[in-house]
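Listed below are the residues making up each chain.
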Amino acid sequence: MPETQCGKPVLADTHAFASWSVGALRQTEEHSSYGSGTRETEGAIALEDVARASPSELIEHLHANLDAHFTELAARRANLAPPAPVFALEHGLSANDITLLTKAVGDAHRLGLMPAASQNSWLPFVVHAAEVGYIYDGVEYWPIYASKTLRWADSDYERDRVRNWFVKFSRQYGGAIPQGAWARTFSKIAWPITHAVLPRYLQVQLAKMLSDYRASWPSLLDDPSALGTRLHAWSRYYGDRLEKFCQNTEIVGRLAVALLITDEYTDSPLIESTALARIVESLNSERQSRRWLSEARRSASSIHTHNFRPPDAQEDPTRLRPRRPAATDPPLQLREDATGLWRALAILPDLRLLQHAMPHLYEALRTSRAVVAGARRDIPTSGLLYATPPIELTRWPAPPQPFLQLRRASDEVNLLLAEQCRITQGPWWVFRRKPGAPAGEVKGKFVRPGASYCILGDQALSPPALEWCVKVDIALEGMSAYVLSVPTTLSKEDAAALVEAGISVVSDIRVRPVGVVAGRWDGDGLAEWLSGESVLIAIHAEHSPNKVGLHINGDAYLLDWPEGESEMFLSLGELAAGTHEIAVSVDLNGENFKTEGSLLAIIRNPDVHGEAGLAGEGIRVRSFPAQPSLPELWDGRAFLEIDGPSDSGAELALTLHGGGGTQLAIHRQNLRLPVTGSDWQQLLVRLREQPQIARHYDAADTAELAVSRAGVGFATLRCERGFQGLRWIISRRHRDNGYIARLIDRTDGDPVDVVFYPAERPLSGQPQPANQEFSGPPRGGLLVASNNQDRALQIIPPDATQLIGACEATPSIPTVQKSLVECTRLMKGHQLWKNAQLPAHPFGIRQRRRVLDAITGALVGLLTPGKWLSIEGQIATRAAADVDLDRAQSLVGESTAHRAAAHAIANHLWEWDTRARLIEGFSEAAGALISSSGMPNKHKGARFLLQLASSPSELLEWETAERNQYLRAVMTDPVLLRAARFAVLGTVEEVAGGVG
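About the cut-offs
Residues numbered from 1 in each chain as written. Predicted model: local features only at pLDDT ≥ 70, side-chain atom pairs only at ≥ 80, totals over all residues. Heavy atoms only, no water. Pairing = 2+ DSSP bridges. Helix = DSSP H or I, 4+ residues; strand = E, 2+ residues; numbered from the N terminus. Salt bridge = Lys/Arg side-chain N within 4 Å of Asp/Glu carboxyl O. Axes fitted to C-alpha atoms, helices over the stretch in contact; angles between N-to-C directions. Contact = heavy atoms within 4.5 Å. Phe/Tyr/Trp six-rings, centres within 6.5 Å; stacked < 30°, edge-to-face > 60°. Parallel < 35°, antiparallel > 145°, perpendicular 65-115°, else oblique. Nonpolar A, V, L, I, M, F, W, Y, C, P; charged D, E, K, R; others polar.

**Student:** How would you explain the pairing of strand β14 (residues 469-472) if you had to name every residue and give the values?
**Tutor:** By the bridge criterion, 4 bridges tie β14 to strand β15 (residues 479-485) in an arrangement that is antiparallel. When the sheet's bridge partners are listed, C469 is paired in β15 with L484. Hairpin remark: β14 followed by β15, antiparallel, with 6 residues in the connecting loop; positive phi at G478, about 80 degrees.

Okay, structure coming up:
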């Protein structure tokens, strides 16, 4: 029940946690010290006393003591609610004891004791493997294990034996079980790394993440499972390795709780004290991570929950509440132009919010184009993860039609997106008019006396019968709009007419945010705060009521109105992230309540990390797709846009780092702002040619790109190579200057198949042994390694020194009879080469381009036989600038319609300097041909033809039935593809390289 102080109701605070999150912390364990060489707890394992025993006796002694320790620890964990797992790193041994254990494990391998020891005294080997997991560097586990294990011989049998020990540990002592996609792929090393609790290479990143989001997680400390899920969502900003570690959400949530609410005086029931002390000691040894951990712990120490809800209330499953507006719903606007015509606009939501709970949907948003119901144009890849201008609607996206859908996404993903991004229900939509600004939607569908509104509804609807309701023109198919100039005093008849149309009237009561400035306040019932901020509201009444009824998300409270006051102030405390519906009812006569005012409070988590690593306000970097990997950036599959003061200079710094974070190379250069996507593609070519960058790229694990200008700001973008199960390492052959490739297999899975595709015959695969280094031929090619879990595609560059004086060979692409199957085969071959990772060598980049052009030309030649083949022959042997475009125009077609289309294309080629302009212009120039061919959609047909003519593997992302429908039209009417090929040949390379 809210308390009242000085006439202003506030809320009392409580300290309610889950049964173990505070209560169990008070049941402290005996404190032990790590690293002192002795164990201070009673019953410690005094290994020094048996250090001179035989190796087999020492192993047996270790096993017996560890068994007693883990048995007692497992019993304590089982009594928690919910039960918590045991980790092998929680062995409780001192540093000196671990040294003895490591020697004993090595002696067991050296002296041939493993057959008996691994069966009867296996716990020391589990602890040893977990200790190796603790020092694991995030690259390769087994080489580190071999270096720490005397006479251990790496083999599948030995790796399986290590995994089986951990499985046995899990069954016998309630040990942690690896979870997530990463654990399923790396099914052997996942065990020792999971049982290392928090490997050293991840500690700093986790501390920074907990500090960065310290305003967002405090309310989750009593729910480790939910905290783990949230941390996994945030982890994508802190590197691929941390994201994979955080996939085991249950474990990472418990670890975070233990780190945050445990101090030197209090032990954690979730992590054994010596293991936790090691992690904290490691974090405190580095100044920056010590500060981050300290900041996070301060936030945790101040956590409290609020009782502005019935503490024991149970949700009634039979009571269906309407969906509340969400932060991801699109704000709608109406805008009047100079001619008096109204237009409908939608402000696309920033869907980065969905990363927290829906990482799969977020990944689809990162890599997919979006379709807005009722809009003429698509949203580019990653466009929903950045602020974008309002988009005009030509049709009203009335429910139940989904407002947003992703191209090529699964039905499951699109259903999730449709649920998260909705517009309000009709039949009428209400917009508040404000001088000099667009009319914004009033989601509560109410009007106030004396204000001006515009309402929107279907043409079939009759408007409210009001003298001050005037119809206006609107550029929206099938809809009508009316301006309401609401008088200051409403008659009962007018109010009844509005209510009959579903529009309410609010006059006596206003609810508004006060105190800390809300992040967003539309002035008409919707406010937004950041998580961690206290929500303060004011209720204003024209006539003082006796009591106020307050409903928060349906839960009711009864408050006395402060006598003689026109306003009541309430503190709702720190509400959980999400949307909260606050409704106010007033009692004017002491007999009944009438709802008079409402407020939608949206609580959103702070955006600590911008999608492009934004760190300064004057400069912004956007990447498409968002958060590209290092190969995507290097290969040109991702492009950047850099915004800043127009025509101003800035410095670009590109830094490459190795696996341990060591700096390998740095390159600095000046650039002019802003940088468009086309500008970036040209800049990337120059960056790849820098000697120090090219020399270290293949060894680099991450790249950091920073753009800065003094007095303006700076922005950074970090790209990781990522944890790859299969990876090719390219190096030079010193004796003859060729290239060799070595396969690194970290999948712990099925046998790997390796196939090589030579550059001369790029679709003819040659099997290769997986366990040997591959020596590249002079002309290079493509190496493909694959098993059931992973695949690695790598371009092998040609050796320029061996090709001096040799004729340049055109890649040979044999084709068979024209068919849908043959077209699909060529598309898949194009995709194979396009998706392969490029080496640092510039000749590898050029070689892949030649192969992709050859495959595209072969597919075009298959579908457009006859005279056009002479043009394809020119393309294969000449530079793009040397192709005879006049002859290409004459060969598009012979009929009047064909020539007209070719002429229209030729007249506008110079205008098509972006992908969007190319698609739009071609759809107009060749529109008559596309429509007459039977293609159902002119604009989609234009996109299909341009993709087929420039980058045919993009068509594999289309639905199969739709792709085949359009392909059949091309087979029937080849002039379509000739026209598209002519358009592609005549545009700049950056546009013609694929329209996306």
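**Student:** Report on the pattern of salt bridges, specifying residues and quantitative values.
**Tutor:** Summed over all chains, the structure comprises 31 salt bridges. A salt bridge links R422 to E419, with the shortest nitrogen-to-oxygen separation between them at 2.4 Å. One salt bridge in this structure joins R512 and E567, with 2.7 Å as the shortest N-O distance. Placement of R512 in strand β17 (residues 509-513) and of E567 in strand β23 (residues 567-573) is noted, with a sequence separation of 55 residues between them.

**Student:** Quick one: what's the story with the sheet that holds β17, residue by residue and with numbers?
**Tutor:** Pairing is antiparallel across the open sheet formed by 3 strands, whose spatial order is β17-β20-β23. One side of each edge strand has no neighbouring strand; the edge strands of this open sheet are β17 and β23. Strand after strand, the sheet turns through a mean of 20 degrees between neighbouring axes, direction not considered. Sheet topology places β17 next to strand β20 (residues 535-541); 5 bridges connect them, and they run antiparallel. Within β20, the residue paired with V511 across the bridge is I539.

**Student:** Which residues make up the sheet that holds strand β30 (residues 702-709), and what values go with them?
**Tutor:** Across the sheet, which stays open at both edges, the 4 strands sit in the order β29-β28-β30-β31 with antiparallel pairing between neighbours. Each having just a single partner strand, β29 (663-673) and β31 (713-720) make up the two edges of the open sheet. Pairwise comparison of adjacent strand axes, ignoring direction, gives a mean angle of 15 degrees for this sheet. Against the sheet, helix α20 (residues 677-688) contacts β28 (648-657), β29 and β30, and its axis sits at roughly 145 degrees relative to β29.

**Student:** Summarise the packing of aromatic side chains; cite the residues concerned and give the values.
**Tutor:** In total, this model carries 20 aromatic pairs according to the counting rule given. Note on F756 and F774: the rings are 4.7 Å apart at their centroids and 40 degrees apart in plane angle, and the pair reads as tilted. Residue F756 is located in strand β34 (residues 753-758), and its partner F774 is located in strand β36 (residues 774-775); the two are separated by 18 residues in the primary sequence. Three or more aromatic residues joined by ring pairs make a cluster, and in this case those are Y136, Y141, W142, Y145, W152 and Y201.

**Student:** If you had to explain the packing of helix α11 (residues 224-234) against helix α13 (residues 249-260) to someone new, which residues and values would you point to?
**Tutor:** With their axes 7 Å apart at the nearest point, α11 and α13 run at an angle of 105 degrees to one another. Between α11 and α13, the angle falls in the class roughly perpendicular. Each of P224, S225, L227, G228, T229, L231 and H232 in α11 lies in contact with α13, whose residues at this interface are T249, E250, V252, G253, R254, A256 and V257. Split by residue class, the contact of α11 with α13 holds 6 nonpolar, 6 polar and 2 charged.

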